[in-house]
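Residue-level listing of the chains:
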Amino acid sequence: MATKAHNSTNTTRKRVGLTPVEWRTILYFILHGFGFLGSTLLMTWGLFFLFFLALGGFSFDGFVHQLNNLTTRYVAADAERMTAFLNMFAIAHMILSAAVISFRHDRILPERRLEGAPHRD
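Here goes a summary of the coordinates provided. Treat the numbers as computed from the prediction; the structure is a model and nothing was measured. (Residues numbered from 1 in each chain as written. Predicted model: local features only at pLDDT ≥ 70, side-chain atom pairs only at ≥ 80, totals over all residues. Heavy atoms only, no water.)

Quick notes on the overall build of the chain
Step number 1: When helices and strands are tallied, the chain shows three helices and zero strands.
Step number 2: Beginning at the N terminus, the succession of helices and strands in the chain can be written as α-α-α.
Step number 3: Within the chain, residue pairs in contact and separated by at least 24 positions form 57% of the contacts whose partners lie at least 6 positions apart.
Step number 4: Here the chain has roughly 10,800 Å² of accessible surface; of this, 67% comes from carbon and sulfur atoms. (Helix = DSSP H or I, 4+ residues; strand = E, 2+ residues; numbered from the N terminus. Contact = heavy atoms within 4.5 Å. Areas by Shrake-Rupley, 256 points an atom, 1.4 Å probe, with all protein chains shown as cover.)

This is the structure:
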């Protein structure tokens, strides 16, 4: 049975923590992920805006009228009806977000470039 001999002259230290390059890579992916989520959120809100704009006949007056109708009904509702409205809004938001994400699935991860390759503009 062979055992490995311990080399007492080996003075290499064990690495504790991440290197600056690894931190930059992690932060790059986190920032890209937040950017993806933020732009998806803005697109979803834009779809809600487009929905109310379409309900109002694609005019600003109609849009504001539809929002006024929605807010007056929401404020006048009882707690049970408010909860139902919030649930409906949350489900619609999740469905729209899933649709937007499925259309943008190729943008979830940042584009991988070879080292030394020129940037595409």
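Notes on the packing of helix H2 (residues 60-76) against helix H3 (residues 79-103)
Step number 1: One way to put it is that H2 packs onto H3 with a least axis distance of 8 Å and a crossing angle of 135°. Overall, the two elements H2 and H3 adopt an arrangement that is oblique. Across the interface between the two elements, Leu 70, Arg 73, Tyr 74 and Val 75 of H2 pack against Arg 81, Met 82, Phe 85 and Leu 86 of H3.
Step number 2: Here the contact of H2 with H3 is built from residues that sort into six nonpolar, no polar and two charged. (Axes fitted to C-alpha atoms, helices over the stretch in contact; angles between N-to-C directions. Parallel < 35°, antiparallel > 145°, perpendicular 65-115°, else oblique. Nonpolar A, V, L, I, M, F, W, Y, C, P; charged D, E, K, R; others polar.)

Examining the side chain of Arg 104
Step number 1: With respect to the element layout, Arg 104 can be found in the segment after H3.
Step number 2: Nearest to the buried, unbridged Arg 104 among oppositely charged side chains is Asp 106, at 6.8 Å.
Step number 3: Those residues in contact with Arg 104, other than ones at most four positions away along the chain, are Phe 36, Ser 39, Thr 40 and Met 43. (Buried < 20%, exposed > 50% of the residue type's maximum accessible area, 1.4 Å probe, protein only. Lys, Arg positive; Asp, Glu negative; His and termini not counted. Salt bridge = Lys/Arg side-chain N within 4 Å of Asp/Glu carboxyl O.)

A few points about the packing of aromatic side chains
Step number 1: Enumeration over the complete set of coordinates arrives at six aromatic pairs.
Step number 2: Considering the side-chain rings of Phe 60 and Phe 63, the 6.5 Å spacing of their centres and the 40° angle between planes classify their relative orientation as tilted. Of the two residues, Phe 60 and Phe 63 are both situated in helix H2; the distance of three residues between them amounts to about one turn of the helix.
Step number 3: By relative accessible area, Phe 60 is classed as exposed at 61%.
Step number 4: Classification of Phe 63 as buried rests on a relative accessible area of 10%. (Phe/Tyr/Trp six-rings, centres within 6.5 Å; stacked < 30°, edge-to-face > 60°.)

A short note on the environment of Thr 83
Step number 1: Looking at the element boundaries, Thr 83 is found in helix H3.
Step number 2: Classification of Thr 83 as partly exposed rests on a relative accessible area of 44%.
Step number 3: Within the local environment of Thr 83, its side chain forms a polar contact with the backbone oxygen of Ala 79, the two atoms lying 2.9 Å apart. (Polar contact = N/O pair within 3.5 Å; in protein donor to acceptor, adjacent residues only side chain to side chain.)

Structural notes on helix H1 (residues 20-55)
Along an α-helix, residues three or four positions apart point the same way, because every turn accommodates 3.6 residues.
Step number 1: With 36 residues, H1 extends 52 Å between its outermost C-alpha atoms, agreeing within 8% with the 52 Å of an ideal straight helix rising 1.5 Å per residue.
Step number 2: Residues of H1 that are buried: Phe 36, Thr 40, Thr 44, Phe 48, Phe 52 and Leu 53.
Step number 3: Taken together, the buried residues of H1 touch H2 and H3.
Step number 4: Following H1 by one or two positions, Gly 57 has its phi on the positive side, about 75°. (Expected span 1.5 Å × (residues − 1).)

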